[in-house]
Every structure is written in structure tokens, then in C-alpha cells.
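# Coordinates in review
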Amino acid sequence: MSGSGGGGYVPPQRTKFDCETSIIVSTVSSINLTILEKHNVGQILFLMIGENEELLIEDGDGEILGAILHSNTSDIINCMKQGATYQAEITTINSPTCKVKISRN
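Below is a short write-up of the structure. All residue numbers refer to position in the chain's written sequence, counted from 1. Selection of residues for local features in this predicted model requires a pLDDT of at least 70, selection of side-chain atom pairs for listing and counting requires 80 or more, and totals for whole chains, interfaces and linings are taken over all residues. In computing side-chain properties, one takes all heavy atoms of the structure into account and sets aside hydrogens as well as water.

Pairs of cysteine sulfur atoms within 2.5 Å are what we label disulfides. This structure, assessed with the given rule, holds 1 disulfide. The disulfide bridge from cysteine 19 ends at cysteine 79, spanning 1.8 Å between sulfur atoms. Between cysteine 19 and cysteine 79, the disulfide has an S-S torsion of -80° and is therefore left-handed. One end of the pair, cysteine 19, is in the segment before strand E1 (24-29); the other, cysteine 79, is in helix H2 (residues 73-81), with 60 residues separating them in the sequence. Any residue under 20% of the maximum accessible area for its type is buried, any over 50% is exposed, and the rest in between are partly exposed; the area is computed with a 1.4 Å probe on protein chains only. The exposure class of cysteine 19 is partly exposed, given its relative accessible area of 22%. Going along the chain from the N terminus, every DSSP run of H or I of four or more residues is numbered as a helix, and every run of E of two or more is numbered as a strand.

Here's what the structure looks like:
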């Protein structure tokens with residue numbers, strides 16, 4: 001009987017994140033629904049690093065909408081520590097969820 005070659009499972013490699021050009025789309029985690037009600041699709045929010053090294057989305061009033069949990073979160077944080085700034089554009093709101101497109105600004 002022929003086999004598959006016995007190489008085992010190799011998970012796909014994660015795409016390398018580029019601080020200048022990479023764009024990610026992510027669902028906002030730990031979303032604050034009261035803050036979400038104040039926003040609309042197309043609005044631009046800001047990314048910041050929280051006290052516990054989490055990636056947070058903040059609006060222009062200094063209120064936290066939620067957090068970003070993505071395979072590239074640590075990459076974005078590292079880029080931000082090197083001086084890069086990022087924005088999060090709200091692409092969909094389907095309360096209680098919200099998706100954003102994160103890109104360098």
C-alpha cells in the first residue's frame with residue numbers, strides 16, 4: 001500500500017509582516033458596545049499599545065473600542081515601538097461585532 005511519504009503535517013507559514021505596507025483585517029475583540037454605538041462604517045480610529053502590551057483601538061475622544069487579537073498583533077506592536085503609527089478603519093458593524101482594516105498612516 002502506498003503512503004503519503006511520511007513527511008508529517010507542516011502548517012502553512014505565516015506571512016511576514018512589513019511595517020510599511022502590510023494591511024490586516026480583523027474582528028475587534030473585547031468590544032465595548034457603548035463605544036461601538038458612537039461609530040459608523042468608514043470611521044478612522046487609532047491603534048495604541050496598552051499597559052499589558054495589548055493592541056487597543058482608541059477613538060478621537062480617548063475611549064477604547066476594543067482590542068486586536070491577530071496573528072500579526074505582535075508584529076504591529078514591534079513596528080509601533082520603532083515609531084510606526086497605524087489606523088483602524090471600521091469596515092463592518094454587525095453589533096455586537098465590528099471589523100476593522102488596519103494600515104499604516
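A separate point is H2. Listing the buried residues of H2 in full gives Thr73, Asp75, Ile76, Ile77, Cys79 and Met80. Count one or two residues on from H2 and you reach glycine 83, which has phi positive near 110°.

Within the secondary structure layout, serine 22 lies in the segment before E1. Looking at serine 22, its side chain comes within polar contact range of the main-chain nitrogen of aspartate 18, at 2.7 Å. Those residues within four positions of serine 22 in sequence are excluded, and the remaining contacts are Lys16, Phe17, Ile102 and Ser103. N or O atoms within 3.5 Å of each other form a polar contact, as long as, within protein, one can give a hydrogen and the other can take it, and as long as residues adjacent in sequence are counted only when both atoms are side-chain atoms. Contact definition: two residues touch when any of their heavy atoms are within 4.5 Å.

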